[in-house]
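Fold and contact review
Chain residues, written in single-letter form:
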Amino acid sequence: MMHMIKLCVGVATLEELESYRSERAHWWGADYGEDVHVHRTRTMPKRKDEMEGQGSIYWVISGVVRCRQPILRLAEAVDEQGLKCCDIIMAPDMVRTIPRPKSPFQGWRYLDPKDAPADIGKGGFEEEGSLELAEELAKLGLI
């Protein structure tokens with residue numbers, strides 16, 4: 001199994017991502033059904049078979065990994081300029097993770113499961129106040 005990590009450019013909060021993501025697929029005319037969310041990226045992952053139905057996309061929002069979405073499928077697509085691209089078809093579930101700082105990077109990167117932040121509830125951080133504490137501890141490199 002392999003995950004993907006991606007910067008959520010232009011989005012400042014998890015709540016903003018949640019409201020924004022349902023509209024995106026319609027921008028390209030993509031129709032993968034009602035119970036999915038779609039993100040378009042330029043390149044198809046070479047490790048596609050390790051991600052489809054197994055991995056998740058981890059979203060970096062304002063310099064912090066805050067959540068993940070399970071990847072259902074990766075589909076070849078063609079953009080409005082006629083160039084090949086990849087549609088990442090995800091479950092609508094937004095799973096909050098223990099906050100973890102992440103330096104900026106371009107595009108997306110593979111994320112080994114052993115390096116992925118734990119889901120909230122699996123790391124002992126379940127209340128809002130403890131999430132803020134977790135973010136501060138992560139910035140200090142203590143978790």
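Please refer to the structure higher up on the page.
Predicted model only: the values in this text are computed from it and were never measured. (Residues numbered from 1 in each chain as written. Predicted model: local features only at pLDDT ≥ 70, side-chain atom pairs only at ≥ 80, totals over all residues. Heavy atoms only, no water.)

**Thoughts on the overall build of the chain**
Our working rule: Only DSSP runs of H or I covering at least 4 residues are called helices, and only runs of E covering at least 2 are called strands; the numbering of each starts at the N terminus. Type-normalised accessible area, obtained with a 1.4 Å probe on protein chains alone, sets the label of each residue: buried when under 20%, exposed when over 50%, and partly exposed for intermediate values. What makes two residues a contact is simply this: any of their non-hydrogen atoms within 4.5 Å.
Counting its regular elements, the chain contains 3 helices and 7 strands. The proportion of buried residues among the 143 residues of the chain is 43%. Of the contacts made within the chain by residues no fewer than 6 positions apart, 66% connect residues no fewer than 24 positions apart.

**Regarding the pattern of salt bridges**
Quick reminder of the rule: What makes a salt bridge here is a side-chain nitrogen of Lys or Arg within 4 Å of a carboxyl oxygen of Asp or Glu, nothing more.
Scanning all chains against the criterion turns up 5 salt bridges. A salt bridge links Arg96 to Glu15; the nearest nitrogen and oxygen atoms lie 3.4 Å apart. A residue pair is termed long-range when its members are at least 10 positions apart, and Arg96 in strand E6 (residues 95–101) and Glu15 in helix H1 (residues 14–28) qualify at 81 residues. Judged by relative accessible area, which is 35%, Arg96 ranks as partly exposed. A salt bridge links Asp119 to Arg68; the shortest N-O distance between them is 2.9 Å. A residue pair is termed long-range when its members are at least 10 positions apart, and Asp119 in the loop between strand E7 (108–111) and helix H3 (128–139) and Arg68 in strand E4 (residues 64–78) qualify at 51 residues. According to the relative accessible area criterion, Arg68 is buried, its value standing at 15%.

**Focus: the nonpolar core**
Defined as follows: Grouping buried Ala, Val, Leu, Ile, Met, Phe, Trp, Tyr and Cys residues that are joined through side-chain atoms within 4.5 Å yields what is termed a nonpolar core.
In this structure, Leu17, Trp59, Ile61 and Ile88 are the most contacted members of the largest nonpolar core, which totals 18 residues. Put simply, the parts of the chain that give this core at least two residues each are H1, strand E3 (56–61), E4 and strand E5 (84–90). Contacts of Ile61, omitting those with residues within four sequence positions, involve Cys8, Val11, Ala12, Thr13, Leu14, Leu17, Arg66 and Cys67. Counting residues in each nonpolar core, the second largest holds 8 residues, with Leu7, Val65, Phe105 and Ala116 among its members.

**Side note on the environment of His37**
The following threshold applies: Any pair of nitrogen or oxygen atoms within 3.5 Å is treated as a polar contact; in protein, a donor-acceptor pairing is required on top of that, and neighbouring residues in sequence qualify only through side-chain atoms on both sides.
For His37, the location among the structural elements is in strand E2 (residues 37–41). Classification of His37 as buried rests on a relative accessible area of 12%. Through-space distance from the C-alpha of His37 to that of Asp93 is 9.1 Å; in sequence the pair is 56 residues apart. Side chain to side chain, His37 and Gln69 meet in a polar contact 3.4 Å long.

**Structural notes on the state of the cysteines**
Rule in force here: By convention in this document, the label disulfide applies to cysteine sulfur atom pairs within 2.5 Å.
Counting across every chain of the model gives 0 disulfides. Free cysteine: Cys8, not disulfide-bonded; nearest cysteine sulfur from Cys67 at 7.4 Å. Residue Cys67 is classed as buried on the basis of its relative accessible area of 0%.

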